[in-house]
Amino acid sequence: MKKLLLAVGLSAFSIAAHAQAVEFVVADADGDGAVTMEEAMAALPSVSSEMLAAADTNGDGVLSQPEYEALASQ
Ligand SMILES: [Ca+2]
Ligand SMILES: [Ca+2]
């Protein structure tokens, strides 16, 4: 499990290596307290739709602050 997470983290890092992480409050453009997939892609253009889907750990279709920050810090 740890190895898998490390591998996922490393591949994400290589993709987003020089991306500037955008803070949750900035990424949440409409300020409703959740970052939609569209907002996340605008804030983190180097993130793939697969990474966004994986980041939505509770499967509600949007990223909460902890979900977003886990993605942004990859
Ligand atoms: Ca929002
Ligand atoms: Ca979610």
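Our structure's up above, just so we're on the same page.
Residues numbered from 1 in each chain as written. Chains lettered and ligands numbered in written order. Predicted model: local features only at pLDDT ≥ 70, side-chain atom pairs only at ≥ 80, totals over all residues.

A. Spotlight on the overall build of the protein. Assigned secondary structure in the protein consists of five helices and two strands. Among the 74 residues that make up the protein, the fraction classed as buried is 24%. Taking the intrachain contacts of the protein between residues at least 6 apart in sequence as the baseline, contacts between residues at least 24 apart amount to 51%. (Helix = DSSP H or I, 4+ residues; strand = E, 2+ residues; numbered from the N terminus. Buried ≥ 20, exposed ≤ 12 C-beta atoms within 10 Å, placed from the backbone. Contact = placed C-beta atoms within 7 Å.)

B. Region of the structure containing the nonpolar core. In this structure, A27, V35, A40, L44, L63, Y68 and L71 are the most contacted members of the largest nonpolar core, which totals 13 residues. Among the secondary structure elements, those contributing two or more residues to this core are α2 (24–27), α3 (37–43), α4 (49–55) and α5 (65–72). Top element by residues in this core is α5. It accounts for three residues. Setting aside residues no more than four positions away along its own chain, L63 makes contact with A34, V35, A40, A55, D56, Y68 and L71. (Core = buried A, V, L, I, M, F, W, Y, C linked by C-beta atoms within 7 Å.)

C. A look at α5. If you check which residues of α5 are buried, you get E67, Y68, L71 and A72. Looking straight down α5, one finds its buried side chains confined to an arc of 130 degrees; they lie on one side. Elements in contact with the buried residues of α5: α2, β1 (35–36), α3, α4 and β2 (62–63). (Arc of directions from axis to C-beta.)

D. Seen up close, the environment of A40. Tracing the chain through its elements places A40 in helix α3. Spatially, the C-alpha atom of A40 lies 9.1 Å from that of A72, the residues being 32 residues apart in sequence. The residues contacting A40, other than those within four sequence positions of it, are A27, V35, V47, L52, L63 and Y68.

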